[in-house]
Amino acid sequence: MKNDLSLHIPANARWHDILSTESKSSSISFKNNRLHGINEKENSGMGIRLNIDGKTGFSYTNDPDRMAEVTGRAAELAAFGDPEGYDLPKKAEVTFEPYDEAINSYSTAAEIEKGHEMIALLKDRYPDIHADLSISVSSGKTRLENSHGLAEEYRNSYYGFSISATYIPREGSKIDVWDSLSAPSSQSFSHLASVLIEKIEKAEVAVPSESGRLPVIVTPRAFGRLLGIVASGLDARAVFKGISPFKDKMGEKLFHDSFTISDNPLLKNSPFSFPFDDEGVMARNKDLISGGILQNFVTDLKHAERLGIEALGNASRGYASLPAPSFSNIMVPGGTIPYKKLLKEAPRAVLIESFIGLGQSNTLTGEFSANLDLAYLVENGEISGRVKDCMVKGNLFELLKDDIAFSQEREQVGSSLLPALYFPAIDYTA
Amino acid sequence: MKQKQEQLIEEGKKLLAELPCRFAEIRLAATTGTSISLSGDQIDVFTSGDTIGGSVRVLHKGSWGFTSFNDLSSLPAMVKRALEIAEEISSKEVRDIVTMEPIEIHSVTSFQQDFRTISLEEKFDLIKSYNDILKQAEQVQTTRAGYRDSETRYAYLNSEGTCATYDRLFCGISLSSIAKDGALIEPYHESIAGYGGYELVRDKETMAEEVVKTAVDLLKAESMPGGTYDVIADQKLAGVFIHEAFGHLSEADFVHENSQMLDMMKLGREFGSDILTVYDDGNIAGSSGFIPFDDEGVMPKKTPLITRGQLTGRLHSRETAAKMDEEPSGNGRALNAMRKPLVRMTSTYIENGPHSKDEIFNNTDQGVYCCDVIGGQTNLEMFTFSAGYGYEINKGKKGKMFRDIQLSGNVFTTMKNISMIADDRAMFGGLGGCGKGGQGPLPVSFGGPHLLMKDVMIGGRQ
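Residues numbered from 1 in each chain as written. Chains lettered and ligands numbered in written order. Predicted model: local features only at pLDDT ≥ 70, side-chain atom pairs only at ≥ 80, totals over all residues.

Asker: Any details on the overall build of chain A? Residues and values, ideally.
Answerer: The helix and strand tally for chain A stands at eight helices and 19 strands. A compact globule built from 430 residues would reach a C-alpha radius of gyration of about 22 Å, and chain A, at 24 Å, matches this within 12%. By principal-axis analysis of the C-alpha atoms, chain A measures approximately 70 × 55 × 35 Å. Relative to its full complement of 430 residues, chain A shows a buried share of 51%. Of all intrachain contacts in chain A linking residues separated by at least 6 positions in sequence, the fraction that spans at least 24 positions is 71%. (Helix = DSSP H or I, 4+ residues; strand = E, 2+ residues; numbered from the N terminus. Rg over C-alpha atoms; globule rule 2.2 N^0.38 Å. Buried ≥ 20, exposed ≤ 12 C-beta atoms within 10 Å, placed from the backbone. Contact = placed C-beta atoms within 7 Å.)

Have a look at this one:
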């Protein structure tokens, strides 16, 4: 979309910026083992922020015919804004692009074939399995310009694969498993078939378990869900509002020595990386928690000003929204113990693969309570079967102070790279 | 906007008439919206903007092709591309749909007070006045008060000759207070929204007062000990339960190609005792679940999902209905004109039973009264829900307040354990909505009367 918003900027504006995005995407879906359809999507739009008398207004459109109205509307809304004293960056540089040229050689026919192969692999082991697959590809551009002379754009590309499969054993209850991967260009995903099959095989037999305080191991996928509870407290908005448990705790030791979490927007070959953020702040790799000590919050310029901290490139927005703090690639370093050995840490433990209802608890304080969608009983390092109709409950922040241990191996889970995690004791209700 | 859309409709009709395929549809929409979000003393968001979009869906040689776009001048190219995509799939398994008689319908949201005539300043002042109430307690750490309205001009055309338009006005508010005492943080939240005018959001001071009071009361409430309890669910919890735990199971796309699921959801199967009757009804005007026609050009129905305990119906799109040889129910819904329709609920509720609320309480010797819902999730067999708050029941009387109440269990067992149903059904729907297949929040409404559910597991510390 041609951008001529800046033509209408009022003379009294202290600063403005315009973010425009365009993207083209295509996705292939398989439902219940069959090719269901192909979607193609094109979308582009732009949003403008204007700061007048220290207050910011914002408006957006994706309709080329209504561009003139947008600037006027942003100016009108500025009168209602909060005082904001920060300034915009004068310069940003495209040091790299989260883009892989190979995205252009994407072939719909080849991807459909890969989908069929995946389903054949699953059906080979479980003829009655039902799988839904989605293969998507997109590429686009992000362009940012502001009143201080910044005018840069970069390309991005994305390839994503996700699968969920359901199997109902003859005398047993439904087993749901899923997996996904993402990259800047097309990848092979057939290796995930054996991963899913293994999860199902181990869940076919249900075993009884008893309530109590038990050692628990969470897989990287399940750990990713728990980590969301920590992440919400690292968001500068929550800190500013006083609802983050980490407020006023900068530099304090909050967790076990082995727990480090960093946010790295510069990670190579990740579609979640970017050279500068959506306000033009250059992206930086940063530890949020290092050796259990709180080091940084994730912030945009507005909240950096309010908290008196430095913005390190974590503002994110689409064309239709204001910037907000956001994570890029979340990295948790692995530990010293191989995964297989981690399972042997206790003679009897629960291994959690997925939760139901984790986000419903009052997670601001670290409290969580969740039903276990897929979990196993581990006895002497071996999975003896699935545990059903059970819940775990506790305070994650307290649990992370405990004598926890991380696996050496890590897995990509969405935009995170995570190990498995061992907790010595969690309340478990069967 | 109106004139441009009328031109596109005429253009779309011609394109569809010439298309050599089994079925095709064009959807177009233009939306203008305002959004305000305040938190504590801050203005987080105050924006007004507009979006346009459209999509083409074609069923050709047994396969679906779908394109979506925001450059509406590309409509002819997009129609052509959707056909090419369908051709490219050349599926071995042929997909089909139920064909319908064309409909001609032009629906307009009715309202008492047009929010389009209300100034930005007045909208801001209204939500600010609620936010001020939400802050009115010492223990309140922060608040969140949101206002949203949108006007959408929507057009649906298909190759059967249907031309339907809907000028839709939606508005709502959501209010929350977050109370804090030491390390304890208790949020509480309420939302109201629907199709209509500014009257939906005016005069909601009482709602704001109740939100702040509940958040503060929760600080003093005790954490619910784990165990198995007899639970009296209030109308909102009953509504969320039936939407989440049962409603999604009745969406035919979960079962139509899965023989194992189909066995589980066989019509006639007993789902509860003969006091349990459940409907999904897209005709309830004004409610968040109202649709004048669905996003496949099918009129909404009142579908009996459970009748006196037995499974009697399910929700269909044209495709799932064809596959299962049942009637379309008008439940093919898309989040917006750029998304594909999926089988979705509208207004889903448990019908009134024979008892009064007092009778249910008097019949409960020991139990918990669970009110409101923070969230719910299910995997189609097991569910978990967090009640907003609850009270101990001792010999039919409400006792002390509890927080952190997470109910969970097997959907089928719990539905059979609904042993008493009251006669006080209420419907709910807020600014949130239902999510499925990456499309959310889709406006829906849900409700029910007070219910007694026996032997519900509540998670708790040892």
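Asker: Could you give an account of the overall build of chain B, with specific residues and numbers?
Answerer: The secondary structure content of chain B amounts to nine helices and 25 strands. The C-alpha radius of gyration of chain B comes to 24 Å, within 12% of the 23 Å expected for a compact globule of 462 residues. Seen along its three principal axes, the alpha-carbon backbone of chain B occupies a region of about 70 × 55 × 35 Å. When each of the 462 residues of chain B is scored for burial, the buried share is 56%. At a minimum sequence separation of 6, the contacts of chain B that also span at least 24 residues come to 74%.

Asker: Pulling in residues and values, what's your account of the nonpolar core?
Answerer: The biggest cluster of nonpolar side chains holds 249 residues, and the ones touching the most others in it are V216, I217 and V350 of chain A. When residues of this core are assigned to their parent elements, the largest contribution, nine residues, is made by strand β6 (residues 163-181) of chain B. In this structure V350 of chain A touches L214, V216, A375, L377, V387 and Y428 of chain A, once residues within four positions along its chain are discounted. (Core = buried A, V, L, I, M, F, W, Y, C linked by C-beta atoms within 7 Å.)

Asker: Break down the sheet that holds strand β21 (residues 426-428) of chain B for me, citing the residues and quoting the values.
Answerer: Residue and element names in this part refer to chain B. Taken in spatial order, the six strands make up an open sheet running β12-β11-β10-β15-β24-β21, and their pairing is mixed. Only two strands of the sheet have a single neighbouring strand rather than two, namely β12 (310-311) and β21. Across three bridges, strand β10 (residues 278-281) lies against strand β15 (residues 347-350) in antiparallel orientation. Residue V278 lies in a different strand from β15, and its bridge partner there is I350. Sheet strands touched by helix α5 (residues 235-246): β10, β15, β21 and β24 (445-448). Its angle to β24, the strand with the most contacts, is close to 120 degrees. (Pairing = 2+ DSSP bridges. Axes fitted to C-alpha atoms, helices over the stretch in contact; angles between N-to-C directions.)

Asker: Give a detailed account of the environment of N362 of chain B, specifying residues and quantitative values.
Answerer: Among the structural elements, N362 of chain B can be located in helix α8 (residues 357-362). When the C-alpha atoms of N362 of chain B and G268 of chain B are compared, they prove to be 33 Å apart, with 94 residues separating the residues in sequence.

Asker: For the packing of helix α3 (residues 120-134) of chain B against helix α4 (residues 205-220) of chain B, give the residues involved together with the corresponding values.
Answerer: Residue and element names in this part refer to chain B. The interhelical angle for the contact between α3 and α4, taken along N-to-C directions, is 30 degrees, at an axis separation of 8 Å. In terms of axis orientation, α3 runs roughly parallel to α4. For the element pair α3 and α4, the recorded crossing hand is right-handed. In contact with Y130, I133 and L134 of α3, α4 contributes E205, A208, E209, V211 and V212. (Parallel < 35°, antiparallel > 145°, perpendicular 65-115°, else oblique. Left-handed = near helix turned anticlockwise from the far one by under 90°.)

Asker: Which residues make up α3 of chain B, and what values do they have?
Answerer: Here α3 of chain B contains 15 residues, and its C-alpha end-to-end distance of 21 Å stays within 8% of the 21 Å for a straight helix at 1.5 Å per residue. Elements in contact with the buried residues of α3 of chain B: β1 (23-39), β5 (140-158), β6 and α4 of chain B. (Expected span 1.5 Å × (residues − 1).)

Asker: Outline the interface of chain B and chain A, listing residues and values.
Answerer: With 62 residues of chain B at the contact, the number on the chain A side is 59 residues. Top element by residues in the side of chain B that touches chain A is strand β2 (residues 42-60) of chain B. It accounts for 10 residues. Across five bridges, the pairing between strand β2 (residues 34-52) of chain A and strand β3 (residues 63-69) of chain B is parallel. Looking at β3 of chain B, one finds that E40 of chain A is bridged to T67 of chain B.

Asker: Could you give me a rundown of the domain arrangement of chain B, with the residues and numbers involved?
Answerer: Residues and elements named next belong to chain B. Under the domain assignment used here, chain B contains domain 1 (2-220) and domain 2 (223-458). Taking the mean C-alpha position of each, domain 1 and domain 2 sit 23 Å from one another. Residue-level contacts link 40 residues of domain 1 with 28 residues of domain 2. At the level of elements, β1, β2, β3, β4 (104-108), β5, β6, β7 (184-195) and α4 are the ones that each hand at least two residues to the side of domain 1 that touches domain 2. It is β7 that contributes the most residues to the side of domain 1 that touches domain 2, seven residues altogether. Across the side of domain 1 that touches domain 2, the residue classes break down as 18 nonpolar, 14 polar and eight charged. (Domains from an automatic or database assignment. Nonpolar A, V, L, I, M, F, W, Y, C, P; charged D, E, K, R; others polar.)

Asker: So what about the domain arrangement of chain A? Which residues, and what values?
Answerer: Residue and element names in this part refer to chain A. The assigned domain composition of chain A is domain 1 (5-200) and domain 2 (205-430). Relative placement of domain 1 and domain 2: their C-alpha centres are 23 Å apart. Those elements giving two or more residues to the side of domain 1 that touches domain 2 turn out to be β1 (13-31), β2, β3 (55-61), β4 (130-146), β5 (151-167) and β6 (175-183). No other element matches β6, which puts six residues into the side of domain 1 that touches domain 2. Here the side of domain 1 that touches domain 2 is built from residues that sort into 20 nonpolar, 12 polar and four charged.

Asker: So what's going on with the packing of helix α1 (residues 2-17) of chain B against helix α2 (residues 75-89) of chain B? Which residues, and what values?
Answerer: Residues and elements named next belong to chain B. Running from N to C, α1 and α2 cross one another at 30 degrees; their axes reach a closest spacing of 10 Å. In terms of orientation, α1 lies roughly parallel with respect to α2. Viewed along their axes, α1 and α2 form a crossing whose handedness is right-handed. Where α1 approaches α2, its residues L8, E11, G12 and L15 are matched on the opposing element by L75, P76 and V79. Split into classes, the residues belonging to the contact of α1 with α2 amount to five nonpolar, one polar and one charged.

Asker: Just give me the short version of the environment of D230 of chain B, but keep the residues and values in it.
Answerer: Residue and element names in this part refer to chain B. For D230, the position within the fold is in strand β9 (residues 227-233). Each C-alpha atom of the pair D230 and K454 lies 4.4 Å from the other, and the pair is 224 residues apart in sequence. Among residues more than four places away in sequence, those in contact with D230 are T364, Q366, G367, L452 and K454.

Asker: Tell me what's going on with unusual backbone geometry, and back it up with residues and numbers.
Answerer: The amide bond that connects G440 of chain B to the next residue, P441 of chain B, takes the cis arrangement and shows omega of 0 degrees. Mapped onto the secondary structure, P441 of chain B falls in strand β23 (residues 439-442). Even without a glycine there, the phi angle at N269 of chain A is positive, about 60 degrees. Structurally, N269 of chain A is set in the loop between β8 (261-263) and β9 (286-290). A positive phi angle is found at N380 of chain A, which is not glycine, with a value near 50 degrees. Given 11 C-beta atoms within 10 Å, N380 of chain A falls into the exposed group.

Asker: Which residues make up α4 of chain B, and what are the values?
Answerer: Residue and element names in this part refer to chain B. Between its first and last C-alpha, α4 extends 24 Å over 16 residues, near the 22 Å set by a 1.5 Å rise per residue. When we look at burial in α4, the residues that qualify are A208, V211, V212, T214, A215, V216 and L218. On its buried side, α4 packs onto α3, β5, β6, β7, β17 (382-394) and β18 (397-403).

Asker: Quick rundown of the pairing of strand β14 (residues 348-356) of chain A? Include the residues and the values.
Answerer: Residue and element names in this part refer to chain A. For β14, a buried count of eight out of nine residues is recorded, marking the element as mostly surrounded by other parts of the structure. Alignment of strand β7 (residues 212-218) against β14, held across three bridges, turns out to be parallel. Considered in β14, the bridge of V218 is made with I352. Where β14 meets strand β15 (residues 367-379), eight bridges bridge the pair, whose relative direction is antiparallel. Note that in β15 the partner of I356 across the bridge is N371.

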